[in-house]
Amino acid sequence: MLNGIFSNWAADVLAGLTLLVLGILGRHLRRRMGRSAGGGPAAAPTSAAGVRLYTLLGARAVVGQPVHLPSSRPAGTVVSWTGPAGRERFELTNDELPDGTYAAEPLSLYRRR
């Protein structure tokens, strides 16, 4: 009787461990593939010393992806970007977004004084 209980328990534990290992490997591969493809939030921005990666808010590339701009300029600097909608100006900020990039706000949203 005890022999049957332990053999069933061992099979359940081995199945659980197998699923756990497969889940960890799948997560690792998914992160690795996301970084190499350069897509989405899985690709955490990496930068050299003093270089920040900015997300141009409201700007989209031709394929619909958000536009990222690396820059070593300080916050408050105005930069230009030419996209499908034409030339746009953005101000670099110190505001960090959830994906680890910094926000670059479009100047077209604000009135000139």
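Owing to the predicted nature of the structure, the values given are computational and were not obtained by experimental measurement. (Residues numbered from 1 in each chain as written. Predicted model: local features only at pLDDT ≥ 70, side-chain atom pairs only at ≥ 80, totals over all residues. Heavy atoms only, no water.)

(A) Representation of the nonpolar core. Counting 10 residues, the largest nonpolar core consists of Tyr54, Leu56, Ala59, Val67, Val79, Trp81, Phe90, Leu92, Tyr102 and Ala104. Those elements that provide at least two residues to this core are strand 1 (52-60), strand 3 (78-83), strand 4 (86-96) and strand 5 (102-106). The biggest single contributor to this core is strand 1, with three residues. Setting aside its immediate chain neighbours within four residues, valine 79 contacts Leu69, Arg73, Glu88, Arg89, Phe90 and Leu92. (Core = buried A, V, L, I, M, F, W, Y, C linked by side-chain atoms within 4.5 Å. Buried < 20%, exposed > 50% of the residue type's maximum accessible area, 1.4 Å probe, protein only. Helix = DSSP H or I, 4+ residues; strand = E, 2+ residues; numbered from the N terminus. Contact = heavy atoms within 4.5 Å.)

(B) Main features of the side chain of serine 71. Looking at where serine 71 falls in the secondary structure, it is placed in strand 2 (residues 66-71). Serine 71 has contacts with Gly50, Val51, Arg52, Tyr54 and Leu92, leaving out every residue within four places of it along the chain.

(C) Expanded view of the sheet that holds strand 5. A sheet is described by the order of its strands in space; here five strands give the open sequence 2-1-5-4-3, paired in mixed fashion. Here the strands that pair on one side only, and so sit at the sheet edges, are strand 2 and strand 3. This sheet shows a mean twist of 40° between the axes of neighbouring strands, independent of strand direction. With four bridges joining them, strand 4 and strand 5 adopt antiparallel strand pairing. Opposite phenylalanine 90, over in strand 5, you have proline 106 as the bridge partner. (Pairing = 2+ DSSP bridges. Axes fitted to C-alpha atoms, helices over the stretch in contact; angles between N-to-C directions.)

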